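Chains, contacts and geometry: an overview
Okay, here's what each chain looks like letter by letter:
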Amino acid sequence: MSEPGKTIETKVEYVDEDGQKKRKTTKTTTIVRETKSGSLQTKTATEIRTEHLPGDYSGTEETTINIEKLKITDDSDDEEHDGKNAMNLGDTQDFREDCINAINKFRKKHSVKKLKMSGNLTAKAQDHAVKMLKKNCLSTLKGAYGQSLSMKMPRPKGKEVAQLWYKEGEDYDYSKNEFVKGKGNFTQIVWADSTEIGVGIASNQAGVTFSIALFTPPGNVQGQFTDNVKKC
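Conventions we followed
- Residues numbered from 1 in each chain as written.
- Predicted model: local features only at pLDDT ≥ 70, side-chain atom pairs only at ≥ 80, totals over all residues.
- Heavy atoms only, no water.
- Helix = DSSP H or I, 4+ residues; strand = E, 2+ residues; numbered from the N terminus.
- Buried < 20%, exposed > 50% of the residue type's maximum accessible area, 1.4 Å probe, protein only.
- Contact = heavy atoms within 4.5 Å.
- Areas by Shrake-Rupley, 256 points an atom, 1.4 Å probe, with all protein chains shown as cover.
- Pairing = 2+ DSSP bridges.
- pLDDT = per-residue confidence, 0-100.
- Core = buried A, V, L, I, M, F, W, Y, C linked by side-chain atoms within 4.5 Å.
- Axes fitted to C-alpha atoms, helices over the stretch in contact; angles between N-to-C directions.
- Left-handed = near helix turned anticlockwise from the far one by under 90°.
- Nonpolar A, V, L, I, M, F, W, Y, C, P; charged D, E, K, R; others polar.

On to the overall build of the protein, then. Assigned secondary structure in the protein consists of five helices and eight strands. Listing the helices and strands of the protein from first to last along the sequence gives β-β-β-β-α-β-α-β-α-α-β-β-α. Going through the 232 residues of the protein one by one, you find that 44% of them count as buried. Considering only intrachain contacts with a sequence separation of at least 6, the fraction spanning at least 24 residues in the protein is 67%. Carbon and sulfur atoms make up 46% of the accessible area of the protein, which totals about 12,800 Å².

Glancing now at the pairing of strand S8 (residues 209-216). Within S8, eight of the eight residues are buried, which leaves it mostly tucked inside the rest of the structure. Neither face of S8 is exposed, since Thr209, Ser211, Ala213 and Phe215 on one face and Phe210, Ile212, Leu214 and Thr216 on the opposite face are all buried. Looking at chain direction, strand S6 (residues 146-152) and S8 are connected through seven bridges and run antiparallel. If you follow Lys152 over to S8, its bridge partner there is Thr209. Here eight bridges tie strand S7 (residues 196-203) to S8, and the two strands are oriented antiparallel to one another. Its bridge partner lying in S8, Gly200 is registered against Ile212. Where S7 folds back onto S8 in an antiparallel hairpin, the turn is made up of five residues, including Gly207, whose phi is positive at roughly 95°.

Quick look at the confidence of the model for the protein now. The predicted model of the protein has a mean per-residue pLDDT of 83, with 82% of residues at 70 or higher. When mean pLDDT is compared element by element in the protein, S7 scores highest at 97, while strand S4 (residues 66-72) scores lowest at 37.

With that settled, consider the nonpolar core. Core analysis: the biggest nonpolar cluster contains 24 residues, and Cys99, Ile103, Trp165, Ile189, Ile197, Val199 and Val229 have the highest contact counts within it. Where this core is concerned, the elements lending two or more residues are helix H1 (89-109), helix H3 (158-167), helix H4 (184-189), S7 and S8. Ranked by the residues each element gives to this core, the list is headed by H1, at six residues. With sequence-adjacent residues up to four places away left out, Ile197 is seen in contact with Ile100, Ile103, Leu115, Lys116, Met117, Ser118, Leu121, Thr122, Ala213, Leu214 and Phe215. Membership of the second largest hydrophobic core comes to 17 residues, among which are Met132, Met151, Ala202 and Leu214.

All right, on to the packing of H1 against H3 then. Contact pair H1 / H3: the axes reach a minimum separation of 7 Å and the direction vectors enclose 35°. Seen from above, H1 lies across H3 with right-handed handedness. Taking contact as the criterion, the partners of Phe95, Asp98, Cys99, Ala102, Ile103, Phe106 and Lys109 in H1 are, on H3, Gly158, Lys159, Val161, Ala162, Gln163, Trp165 and Tyr166. In terms of residue class, the contact of H1 with H3 is made up of nine nonpolar, two polar and three charged.

In this model, Met153 is joined to Pro154 through a cis peptide bond whose omega is 0°. A cis amide bond, omega -20°, links Thr216 with the succeeding residue Pro217. Within the fold, Pro217 resides in the loop between S8 and helix H5 (225-228). Even without being glycine, Asn136 reaches a positive phi, approximately 60°. Structurally, Asn136 is set in the loop between helix H2 (119-135) and S6. For Asn177, which is not glycine, the phi torsion reads 45° and is therefore positive. With respect to the helices and strands, Asn177 occurs in the loop between H3 and H4. Looking at Asn177, the relative accessible area reads 10%, which means it is buried.

A sheet is described by the order of its strands in space; here four strands give the open sequence S5-S7-S8-S6, paired in mixed fashion. Sheet topology places strand S5 (116-117) and S6 at the edges, where each strand pairs with a single neighbour. Sitting on the sheet, H1 is in contact with S5, S7 and S8, with an inclination near 135° to S7. Each of S5, S6, S7 and S8 touches H2; the most contacted strand, S7, lies at about 25° to it.

Structure representation (structure tokens):
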């Protein structure tokens, strides 16, 4: 970041430690302020959260994220989190359409059919996005859905979130064509057998934004990557 403002970057990793499947989410918050002298002052906070996953985890169970470690570079005066959704209906619809249009453009590059927006999935995704904002943490939704999640600040456009998910596939190895930790959002949005999508977004006055896309049928199914993740 080269100008005053605040950004939040989230990285998700899947690991196997001592036979226990875990998902680690690292949230890095960077705040840049301009001092009275005109120079820029940067503060960074890193929060690492761990989810303990069941042995047969398939990406559909609801899990609870526990804070494992918190590092703050200096004495921060971060504002208390505002869990109220400040987006109006029009802005929410614009974000949703922008996100789905971008995802469908990416799917076209991979020679798979467009996703159709589902009213049922949209309602579930929107409700869960509001819950994530209120709790100020990413969490999966219980049910047989493919899921892509994002937490960003300042408030992004729908296509920017879609680009964030798609960017995970930049060095995807199509010769192996298998699930790879850190690339699950990419493989889900281009998953050929997924036909429907619902997108939810919630953002507070400060611009802290949680978004989620739900897909049916769900992607990232072991043994089906070759048929569903096609090289563009």
